[in-house]
Structures are given as C-alpha cells and as structure tokens.
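Working through the structure, step by step
Residue strings, one per chain:
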Amino acid sequence: MPKFKKSTGTSEEIPTAALPDIIFMLLFFFMVTTVMRETDIMVKQQLPKATQLTKIERKSLVSYIYMGKPANSTLYGEEPKIQTNDVFVTVEDVVQFVNQEKDKLSEVERDQITMSMKVDTEVKMGLVTDVQEELRKSNARRVLYSSIKTSRE
Amino acid sequence: MPKGGKRPLPEVSSGSMADIAFLLLIFFLVTTTIANDKGIMMLLPPPPDPLQEDIDIKIKERNIFKILANSNDLLLVEDEPFRGKISDLKDEVKKFVLNFGSPSEDGMRVYNSLPSKMKRFVNQNGKSEKSSDDPTSGNAIVSFKANRGTSYDLYIQVLDAVNSAYNEIYAERVGITAEQWLQLDRDDDIQNDMYKRARQGIPRAISIAEPDK
C-alpha cells in the first residue's frame with residue numbers, strides 16, 4: 001500500500017503567461033538585426049547572370065559601387081552613371097570614395113578591401129574600365145562582379 | 001461618491017497577445033532578406049609604375065588564347081569569328097589550357113599529376129603544335145580584350161566561361177564536381193589542401209587587356 005498520498009494540488013499545465021514575452025524577444029531580435037537597405041539605389045539594376053559565382057567571405061570588407069542608367073531619367077538623363085553611397089559621382093571621385101571606405105577599415109585590412117561592382121547589363125565596358133582604372137590607382141584591386149546565379153541547362 | 005464600492009477592473013484578456021506577437025514575428029521573418037552578395041571575383045593588375053620603363057615580355061603566340069570583343073558584341077576567338085554558344089567557348093579554353101604541346105619539366109610534372117581521365121582528354125584533344133606548351137605559369141594565358149562599346153553583359157559571360165573552364169579543370173583534377181569546387185571552404189584544412197593541390201602548377205592566367213581609347 002502506498003504510504004504517501006498523491007499530491008493533487010499541483011496543476012500539470014505549463015504556464016503560458018511567459019509565451020508572449022518569449023515571442024516578443026524573438027520579434028525584437030529580428031527587428032534589430034534586420035537591415036532594410038542601406039542605400040537607395042538610384043540606377044537601374046539588372047545584374048548579369050553567371051554560373052561561376054563565389055561568395056564573399058567577409059562582408060565588412062566589401063564596398064559597393066553601382067552603375068547603370070538613372071532610374072529617374074527625366075531628372076538625370078539617359079547616360080549610365082556611377083553611384084556610391086547615396087550620390088552620383090564622376091569617375092574621378094571614385095578614388096576619394098575608395099579612400100573613404102578604406103579609412104573605415106583597420107590598418108591591416110585595408111589591402112583586402114573588396115569592391116563589389118553592381119553593374120547593369122546595359123552598361124558599356126568603357127565606363128566599367130574607367131572605374132577599374134581608378135580602382136587600380138587607389139590600390140583596391142579585389143573586385144567582385146556581382147551577378148545572379150543561373151540554373152544550369 | 002458612487003455607492004457600491006470598487007468594482008473590479010475589467011481584465012483585458014491577454015490570451016491573444018502571443019498570436020499578435022507571432023504575426024509580427026512572421027511578418028519580419030518573411031520580409032527580412034539577408035543580402036547574399038555573390039559574383040565573379042577578379043584581381044585587377046597593379047597600377048603601372050611610372051618610374052619603370054615598359055618591359056617587353058616575350059610570350060609565344062601559341063601560348064596566348066586571344067578573345068576579342070567588339071562594340072557590336074561579336075567575338076573574335078583566336079583570330080576567327082566566333083559564332084557558337086558561350087558554352088563552346090568554355091570547351092575551347094579547356095582544350096587550350098590542357099594542351100601540353102611541348103611541356104617543360106614543370107609541365108611534365110603537372111601532366112603526371114593529372115588523373116587518368118584527364119590524361120586521356122589531353123591525348124585526345126591536345127598535343128597540338130599550334131596551342132599552348134603547358135599550363136604552368138606564363139605558358140598558357142587567356143587574354144580577353146573588350147572594346148569600350150562592348151556590353152557589360154557579354155563581358156561577364158565571357159569571363160564566366162573562362163572561369164568555368166578553369167574551375168572544371170581544377171575540380172576534375174581533385175575528383176570533385178565543379179559545384180563542389182566552388183563551395184570549397186578554405187578555412188578548413190583538408191579542403192584548403194585540396195584547393196592548393198588542384199591549383200598546383202595550373203595558375204588561373206586570365207589577362208584582361210585595357211581597351212583601345
């Protein structure tokens with residue numbers, strides 16, 4: 001015979017009062033970590049398609065250069081333009097932009113800066129090579145031609 | 001003073017709070033796009049040194065695989081108009097790199113290190129007098145020159161084709177698929193070793209010439 005009485009006072013339900021708090025915590029985590037988009041892209045961006053893509057290892061080393069026809073052609077015309085951060089720049093300004101980006105990095109990482117070129121497919125090579133020349137001058141030689149993965153036929 | 005004393009405050013039921021939070025959570029989960037930037041990696045040549053005079057490096061004609069693109073997006077490959085698909089260009093590059101026309105001592109070593117399937121490929125398609133000597137440094141160079149009017153799209157396609165030729169060679173050399181090759185993690189010792197083994201003696205020699213002004 002059992003000597004102990006079964007205790008009946010404890011409820012077997014899991015308290016769900018803390019559930020909203022847990023969910024809120026998750027919610028806040030996602031709200032904080034979400035980066036909506038750093039810059040407004042003001043140029044057309046139809047990236048080329050390619051198969052042999054590599055991922056970038058370290059995002060902190062990457063700076064972006066956008067090239068393409070301005071989205072607002074009535075205001076900026078039809079000629080392809082270069083955009084860094086939030087403004088249109090000329091080819092000569094690229095060096096300055098690279099130096100700015102380099103200053104954000106620590107001394108040892110400066111040589112490893114990677115420029116991600118987000119170039120519209122309609123842009124002609126002339127502009128791209130001009131920018132590349134500037135990149136060579138400013139010693140930012142690692143370039144990533146940003147493209148979209150195509151499925152293999 | 002109202003009579004009847006205090007009435008208990010009507011409680012707001014908090015049972016659905018979790019549901020509301022869930023809804024918000026799912027909204028953020030769905031709208032979040034963690035930007036994954038992918039692309040073709042390239043290392044630009046160092047800037048020309050103004051103090052240094054032009055050095056004429058003599059490279060044999062047969063050791064250069066020439067790709068030219070004009071402003072109408074037409075290709076000239078090895079001095080002949082190229083009308084095939086871009087994927088054919090990949091095979092051409094592959095044959096060029098793995099030609100072993102007259103290999104040097106280092107070239108012979110590279111040849112001996114290849115798996116038998118690739119040796120067969122070399123013996124069937126390569127050994128041509130008119131193509132590259134061996135894939136070692138400076139003996140098989142893919143040169144690509146675009147015009148200022150060439151579209152960026154074509155430039156990327158050609159670069160992609162040349163890169164995919166090299167990647168296939170590397171992948172085949174260590175016995176994995178090209179897809180696996182691209183996903184090698186170089187922080188991992190074993191995979192890094194594989195990477196080095198594959199590239200040993202076959203550098204990715206792609207020369208991007210500056211376009212004419």
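Please read all numbers here as calculations on a predicted model, not as lab measurements.

Rules behind the numbers
- Residues numbered from 1 in each chain as written.
- Chains lettered and ligands numbered in written order.
- Predicted model: local features only at pLDDT ≥ 70, side-chain atom pairs only at ≥ 80, totals over all residues.
- Heavy atoms only, no water.
- Helix = DSSP H or I, 4+ residues; strand = E, 2+ residues; numbered from the N terminus.
- Expected span 1.5 Å × (residues − 1).
- Buried < 20%, exposed > 50% of the residue type's maximum accessible area, 1.4 Å probe, protein only.
- Arc of directions from axis to C-beta.
- Contact = heavy atoms within 4.5 Å.
- pLDDT = per-residue confidence, 0-100.
- Patch = residues over 30% accessible without salt bridge, like charges linked within 9 Å, V, L, I, M, F, W, Y side chains within 5 Å.
- Areas by Shrake-Rupley, 256 points an atom, 1.4 Å probe, with all protein chains shown as cover.
- Salt bridge = Lys/Arg side-chain N within 4 Å of Asp/Glu carboxyl O.
- Core = buried A, V, L, I, M, F, W, Y, C linked by side-chain atoms within 4.5 Å.
- Pairing = 2+ DSSP bridges.
- Axes fitted to C-alpha atoms, helices over the stretch in contact; angles between N-to-C directions.
- Buried area = accessible area lost by both parts, 1.4 Å probe.
- Nonpolar A, V, L, I, M, F, W, Y, C, P; charged D, E, K, R; others polar.

When the terminal C-alpha atoms of helix H1 (residues 19-33) of chain A are compared, their 21 Å separation across 15 residues agrees well with the 21 Å that a helix rising 1.5 Å per residue should span. Within H1(A), burial applies to A:Pro20, A:Ile23 and A:Leu27. Looking straight down H1(A), one finds its buried side chains confined to an arc of 65 degrees; they lie on one side. In H1(A), the exposed positions that point more than 90 degrees away from the buried face belong to A:Met25 and A:Val32. Residues of H1(A) that are buried sit in contact with helix H1 (17-31) of chain B.

Right, let's talk about the confidence of the model for chain B for a bit. For chain B, mean pLDDT is 81; residues scoring 70 or higher make up 94% of the total. For this predicted complex, the interface score ipTM comes out at 0.74, alongside a pTM of 0.77.

Below, the discussion takes up a nonpolar patch on the surface. A grouping of B:Phe22, B:Ile26, B:Leu29 and B:Val30 is seen on the molecular surface, where their side chains present a nonpolar patch of about 370 Å² in accessible area. Looking at the secondary structure, you find B:Ile26 in helix H1.

Let's shift gears to the nonpolar core. Counting residues in hydrophobic clusters, the biggest one holds 71 residues, and the most contacted among them are A:Ile65, A:Met67, A:Met117, A:Leu135, A:Tyr145, B:Ile67 and B:Tyr155. Tallying contributions element by element places helix H5 (residues 152-173) of chain B first for this core, with 13 residues. Counting six residues, the second-largest nonpolar core is a separate cluster that includes A:Ile56, A:Tyr64, A:Tyr66 and A:Leu144.

On to the sheet that holds strand E4 (residues 80-82) of chain B, then. Residue and element names in this part refer to chain B. An order of E4-E3-E2-E5-E6 is seen for the five strands of this open sheet, with the pairing classed as mixed. Each end of this open sheet is capped by a strand with a single partner; those strands are E4 and strand E6 (206-209). Across the sheet, the mean angle from the axis of one strand to that of its neighbour is 25 degrees, orientation sign disregarded. Relative to strand E3 (residues 75-77), strand E2 (residues 64-69) runs antiparallel, the two sharing three bridges. Its bridge partner being in E3, Leu68 is matched across the sheet by Leu76.

Listed as interface residues are 42 residues of chain B and, on the opposing side, 50 residues of chain A. A combined buried area of about 4,400 Å² lies between chain B and chain A, and 63% of that area is made up of carbon and sulfur atoms. When the area that chain B buries against chain A is broken down by residue, the three leading residues are B:Asp37, B:Leu44 and B:Tyr152, summing to 18%. On the surface where chain B and chain A come into contact, there are two salt bridges. Here A:Asp130 ties to B:Arg148 by a salt bridge, and the two come within 2.9 Å at their closest N and O atoms. Mapped onto the side of chain B that touches chain A, the elements with two or more residues apiece are H1, strand E1 (38-43), H5 and helix H6 (178-182) of chain B. Per-element tally for the side of chain B that touches chain A: the top contributor is H5(B), with nine residues. A per-class count over the side of chain B that touches chain A returns 25 nonpolar, nine polar and eight charged.

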